[in-house]
Amino acid sequence: DAKTTQPPSMDCAEGRAANLPCNHSTISGNEYVYWYRQIHSQGPQYIIHGLKNNETNEMASLIITEDRKSSTLILPHATLRDTAVYYCIVRLRLNTGNQFYFGTGTSLTVIP
Amino acid sequence: EAGVTQSPTHLIKTRGQQATLRCSPISGHTSVYWYQQALGLGLQFLLWYDEGEERNRGNFPPRFSGRQFPNYSSELNVNALELEDSALYLCASSPGTGGYNEQFFGPGTRLTVL
């Protein structure tokens, strides 16, 4: 039910951009892509979400391909505090089904 | 603004006992979600409550149940505890069912079943 595929782990040098890919080849037209991260067994933290346009906020940028079958989360200047598990989630836009289906995510390690 | 709170932080039970976990959503949020995260695994959706009613449940046995109170806080009850119920239980809230509202998570309750 996760409907997304992510690499299990990635490393990134501190200060560099971290680019986290996600495949969601079965996404349908009204399904949104959400990104959350979880730092060491804390509650997941919302990062960003989008439908088909690229999105940017104070934390990250989300790039969604034109066919919407994949996306990339970009942390522009990774810091040690960005070390976490990053979850890419596809969520159906429904008024009666709002739960997220998390996969196993990508464990990002930011290296000094 | 206070975030989602959960209690207790840690809970230790033995097999066969019952556990009760509590969640207070962000003020103004009417939807509460429960997730289970077993060691080394991703989050598994458990239950969703909105306006006092159970809206949906994940693939868990009936001994996992809960309720939502008029103030929108929620309880998760796990009966006849088994060793594999040991996990981090996370509660999230969102402002209602419609739209594309993100979920805000609490710090979790770590349940250990001995």
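Everything in this summary refers to the structure shown in the same document.

Analysis parameters
For every chain, the first residue of its written sequence is number 1, and the numbers climb from 1 along that sequence. Whichever chain is written first becomes A and whichever ligand is written first becomes 1, with later ones labelled in order. Two thresholds apply to this predicted model, a pLDDT of at least 70 for residue-level local features and 80 or more for giving and counting side-chain atom pairs, whereas whole-chain, interface and lining totals are computed over all residues. The basis for every side-chain value is the complete set of heavy atoms in the structure, and neither hydrogens nor water enter the calculation. Numbering of helices and strands runs from the N terminus, with a helix taken as a DSSP run of H or I at least four residues long and a strand as a DSSP run of E at least two residues long. What the globule rule says is 2.2 Å times the number of residues to the power 0.38, and the radius of gyration is computed from C-alpha atoms. A simple rule labels every residue: compare its accessible area, found with a 1.4 Å probe on the protein chains alone, to the largest value its type can have, and call it buried under 20%, exposed over 50%, or partly exposed in between. Residues count as neighbours in contact if any of their non-hydrogen atoms are within 4.5 Å of one another. Calculation of accessible area relied on Shrake-Rupley with a 1.4 Å probe; when residues are assessed, cover is drawn exclusively from the protein chains displayed. Charged residues are defined narrowly, with Lys and Arg counted positive, Asp and Glu counted negative, and His plus the chain ends left uncounted. Just so you know, the charge point we use is NZ for Lys, CZ for Arg, CG for Asp and CD for Glu.

1. Description of the overall build of chain A
Then step 1. Across its full length, chain A carries zero helices and nine strands.
Then step 2. Put simply, chain A runs from its N terminus to its C terminus through helices and strands in the order β-β-β-β-β-β-β-β-β.
Then step 3. Taken over C-alpha atoms, the radius of gyration comes to 13 Å for chain A, in line with the 13 Å a tight globule of 112 residues would show.
Then step 4. In terms of overall dimensions, chain A has C-alpha extents of about 45 × 30 × 25 Å along its principal axes.
Then step 5. Of all 112 residues assigned to chain A, the portion counted as buried reaches 45%.
Then step 6. Put simply, 56% of the contacts in chain A that link residues at least 6 apart link residues at least 24 apart.
Then step 7. Counting every atom, chain A has about 5,700 Å² of accessible surface; 49% of that belongs to carbon and sulfur.
Then step 8. Charged side chains of chain A number 9 positive and 9 negative; the gap between the two group centres comes to 5 Å.

2. A few points about the overall build of chain B
Then step 1. Along its length, chain B carries zero helices and eleven strands.
Then step 2. In chain B, the succession of α and β elements from N to C terminus is β-β-β-β-β-β-β-β-β-β-β.
Then step 3. Relative to a compact globule of 114 residues, whose C-alpha radius of gyration would be 13 Å, chain B shows 13 Å and is just as compact.
Then step 4. Dimensions of chain B, computed from the C-alpha atoms along their principal axes, are close to 40 × 25 × 25 Å.
Then step 5. Residues classed as buried in chain B amount to 49% of the 114 residues present.
Then step 6. Across chain B, contacts joining residues at least 24 apart in sequence account for 53% of those joining residues at least 6 apart.

3. Some remarks on the environment of Lys-52 of chain A
Residue and element names in this part refer to chain A.
Then step 1. Along the polypeptide, Lys-52 turns up in the loop between β4 (45-50) and β5 (55-56).
Then step 2. Its relative accessible area of 55% is what places Lys-52 among the exposed residues.
Then step 3. For the pair Lys-52 and Ser-71, spaced 19 residues apart in sequence, the C-alpha to C-alpha distance is 9.6 Å.
Then step 4. Setting aside residues up to four positions removed in sequence, Lys-52 forms contacts with Ile-64 and Arg-68.

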